[in-house]
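The primary structure of each chain is shown beneath.
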Amino acid sequence: MDNESEMKDPVLPLGRPTVGSAPGPGTTGDWRTSKPIFFEEQCTKCYQCWLYCPEGTIRVDAKGEYPYIDYVYCKGCGVCVHVCPQDALKMEKE
Amino acid sequence: MSVKIKEMLDRPEVLLRGNFACAGCGLSIAYRTAISALERPIVVIPACCASVIQSLHPHVTYNVPTLNIAFAAHASAASGISRAKKRRGEKVTTVVWSGDGGTYDIGVATWSGAAERNEDILHFCYDNGFYSNTGAQRSGATPRGASTTTTPTGKQEKRKSITRIMAAHDVPYIATASIGYPRDLYTKAKKAGNMEGYRFILIDAPCPTGWNSDPAITPELGKLSVQTGYFPLYEVENGKLTFSKRGMKYRDPDKRLPLEEYLDRQGRFKKMTLVQIEELKKDLQFEWDMLLRME
Ligand SMILES: Cc1ncc(C[n+]2csc(CCOP(=O)(O)OP(=O)(O)O)c2C)c(N)n1
Ligand code: SF4
Ligand code: SF4
Ligand code: SF4
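Residues numbered from 1 in each chain as written. Chains lettered and ligands numbered in written order. Predicted model: local features only at pLDDT ≥ 70, side-chain atom pairs only at ≥ 80, totals over all residues. Heavy atoms only, no water.

### A few points about unusual backbone geometry
All names here are of chain B. Here the residue pair His57 and Pro58 is connected by a cis peptide bond, since its omega of 5° sits within 30 degrees of zero. With respect to the helices and strands, the residue Pro58 is situated in the loop between helix H3 (49–52) and strand E2 (59–60). The backbone phi angle of Ala136 is positive, close to 70°, even though this residue is not glycine. If you trace the backbone, Ala136 turns up in the loop between strand E5 (122–127) and helix H7 (162–167). Even without being a glycine, Asn212 presents a positive backbone phi close to 55°. Here Asn212 lies in the loop between helix H9 (208–211) and helix H10 (218–227). (Helix = DSSP H or I, 4+ residues; strand = E, 2+ residues; numbered from the N terminus.)

In structure tokens:
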């Protein structure tokens, strides 16, 4: 290809990976009507809640740590409460 | 061998929180689990809920390179990506991530061509059994008797067997998985990711919004679909079908839970007559009989 016909990279409409990408403020925790509450003393760290949370708002920093909930984005679906085999999560009205 | 949870915890996060999916979305569980099992995925997504929960420019929910494309082009675009990357000597996993509408109905020509050419593509279909993002119209995957906006008195036709249609293409790998068993899904995705050629994984992905079910029981519905024999779990390699460990025992109809336990938890089946339920049971057994012949 000669220099003249060489084209510059076209500007592509690329988006970027974003936490809180939902339209508006993106804080999907605002959608909640009930929230899951975590009771550490019941928890066996089986991570079923992490495995099934559709949103990725059950956070586990490293294996062996307790899970915790990111309430800024947790949508309050109740999945984690439903799958927890130990009753270490309970739903509470907000 | 099922994967250890430690391995899954260590994988990068592919679906970022705070996205546009409904609470309790089965597609989200499917995506998080399956895509995280892959090395350097590039994901092609046609119109479907997966392109909606992706959100609006300039924000993207997915933490992997993603290309949005028209229905009729998903596997064609993926063919191009896969070939170009190969030519450049870059090792990636080229993925098509489509809904059942984009796999069973619209877009059949594109994947059928790519499967025939045995393109190096891993194709996932998350199956919620209807067109969810456009307001719950029926698809070829909708089971008989389910009400949708275009089948208000229940669908009159049988659910299409997409895996058997795919099997007729003699592709190297076909599997079914359910979000009720994420470790099984992860294991199959990882296995398929390490293979070459056209690979297809059908994922049972409940949709609380369209099914009119409690968002909290999405995983339970994923399990019940398997335990009632509604959604058999298996792999097809070189034309031979193997039922997965999780689903093996449901080959025997006596071991299955009553189908009603699955149907009763979903609004879309509320208006079904007893006759329709019997017809649906016959459809399901027909599919099992066809699969058993491929064992
Ligand atoms: C050629 C074409 N026809 C119709 C549409 C409108 N449309 C967009 S998404 C969709 C349904 C997709 O259903 P499915 O693949 O099952 O994904 P889901 O919405 O269930 O996630 C339709 C009909 C379109 N975008 N392009
Ligand atoms: S309520 Fe739903 S979104 Fe919130 S942490 Fe539990 S599973 Fe995740
Ligand atoms: S499912 Fe329950 S017991 Fe298991 S890690 Fe989560 S909170 Fe703890
Ligand atoms: S409509 Fe269904 S599949 Fe689509 S985002 Fe909502 S729950 Fe998920």
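This is not the end of the story, as more comes after the structure.
### A short note on the sheet that holds E5 of chain B
All names here are of chain B. Spatial ordering of the open sheet is given by E3-E1-E4-E5-E7-E6-E8-E9, a layout of 8 strands whose pairing is mixed. Unpaired on one side and paired on the other, strand E3 (66–68) and strand E9 (240–243) mark the two borders of the sheet. Pairwise comparison of adjacent strand axes, ignoring direction, gives a mean angle of 20° for this sheet. Of the pairings in the sheet, the one linking strand E1 (residues 41–45) to strand E4 (residues 93–99) comprises 4 bridges and is parallel in character. Its bridge partner lying in E4, Pro41 is registered against Thr93. (Pairing = 2+ DSSP bridges. Axes fitted to C-alpha atoms, helices over the stretch in contact; angles between N-to-C directions.)

### Notes on the packing of aromatic side chains
Under the defined criterion, the tally for this structure stands at 9 aromatic pairs over all chains. On the basis of an interplanar angle of 20° and a centroid distance of 5.3 Å, the ring pair of Phe243 of chain B and Trp288 of chain B is categorised as stacked. Taken together, the residues span a long stretch of sequence, with Phe243 of chain B in strand E9 and Trp288 of chain B in helix H12 (residues 274–293) at a distance of 45 residues. An identical accessibility class is assigned to Phe243 of chain B and Trp288 of chain B; each is buried. Lying across the ring of Tyr66 of chain A, Lys45 of chain A places its NZ or CZ 4.4 Å from the centre. Arg256 of chain B extends its terminal NZ or CZ atom over the ring of Trp288 of chain B, reaching a point 4.4 Å from the ring centre. (Phe/Tyr/Trp six-rings, centres within 6.5 Å; stacked < 30°, edge-to-face > 60°. Buried < 20%, exposed > 50% of the residue type's maximum accessible area, 1.4 Å probe, protein only. Lys NZ or Arg CZ within 6 Å of the ring centre and 35° of its normal.)

### Considerations on the pattern of salt bridges
If charged atoms from side chains of opposite charge come close, those side chains can pair. All names here are of chain B. Tallied over the full model, the rule gives 27 salt bridges over all chains. Ionic pairing is found between Asp127 and Arg159, a salt bridge with its closest N-O pair at 2.9 Å. Pair noted here: Asp127 is in strand E5 and Arg159 is in the loop between E5 and H7, with a separation of 32 residues, a long-range link. Here Asp127 and Arg159 have matching classes, each one buried. Glu235 serves as the salt-bridge partner of Lys191, at 3.1 Å between the closest nitrogen and oxygen. Remark: Glu235 occurs in strand E8 (residues 234–237) and Lys191 occurs in helix H8 (residues 182–193); sequence separation between them is 44 residues. Residue classification places Lys191 among the partly exposed residues on the basis of a relative accessible area of 33%. Note on Glu235: relative accessible area 15%, which makes it buried. (Salt bridge = Lys/Arg side-chain N within 4 Å of Asp/Glu carboxyl O.)

### As for the confidence of the model for chain B
For chain B, per-residue confidence averages 97 on the pLDDT scale, and 100% of positions sit at 70 or higher. Interface scoring of the predicted complex returns ipTM 0.96; its pTM is 0.96. (pLDDT = per-residue confidence, 0-100.)

### What about the pairing of E5 of chain B?
Residue and element names in this part refer to chain B. Among the 6 residues that make up E5, 6 are buried, leaving the element largely enclosed by the rest of the structure. Burial of the side chains of E5 extends over both faces: Leu122, Phe124 and Tyr126 are buried on one face and His123, Cys125 and Asp127 on the other. Bridging between E4 and E5 involves 5 bridges; their strand directions are parallel. Bridging across to E5, Val96 finds its partner in His123.

### Comments concerning the site of ligand 3
Of all residues adjacent to ligand 3, which total 14 residues, the nearest are Cys43, Cys46, Tyr47, Cys49 and Cys84 of chain A. Taken together, the residues of the shell around ligand 3 break down into 10 nonpolar, 3 polar and 1 charged. (Near = heavy atom within 4 Å. Nonpolar A, V, L, I, M, F, W, Y, C, P; charged D, E, K, R; others polar.)

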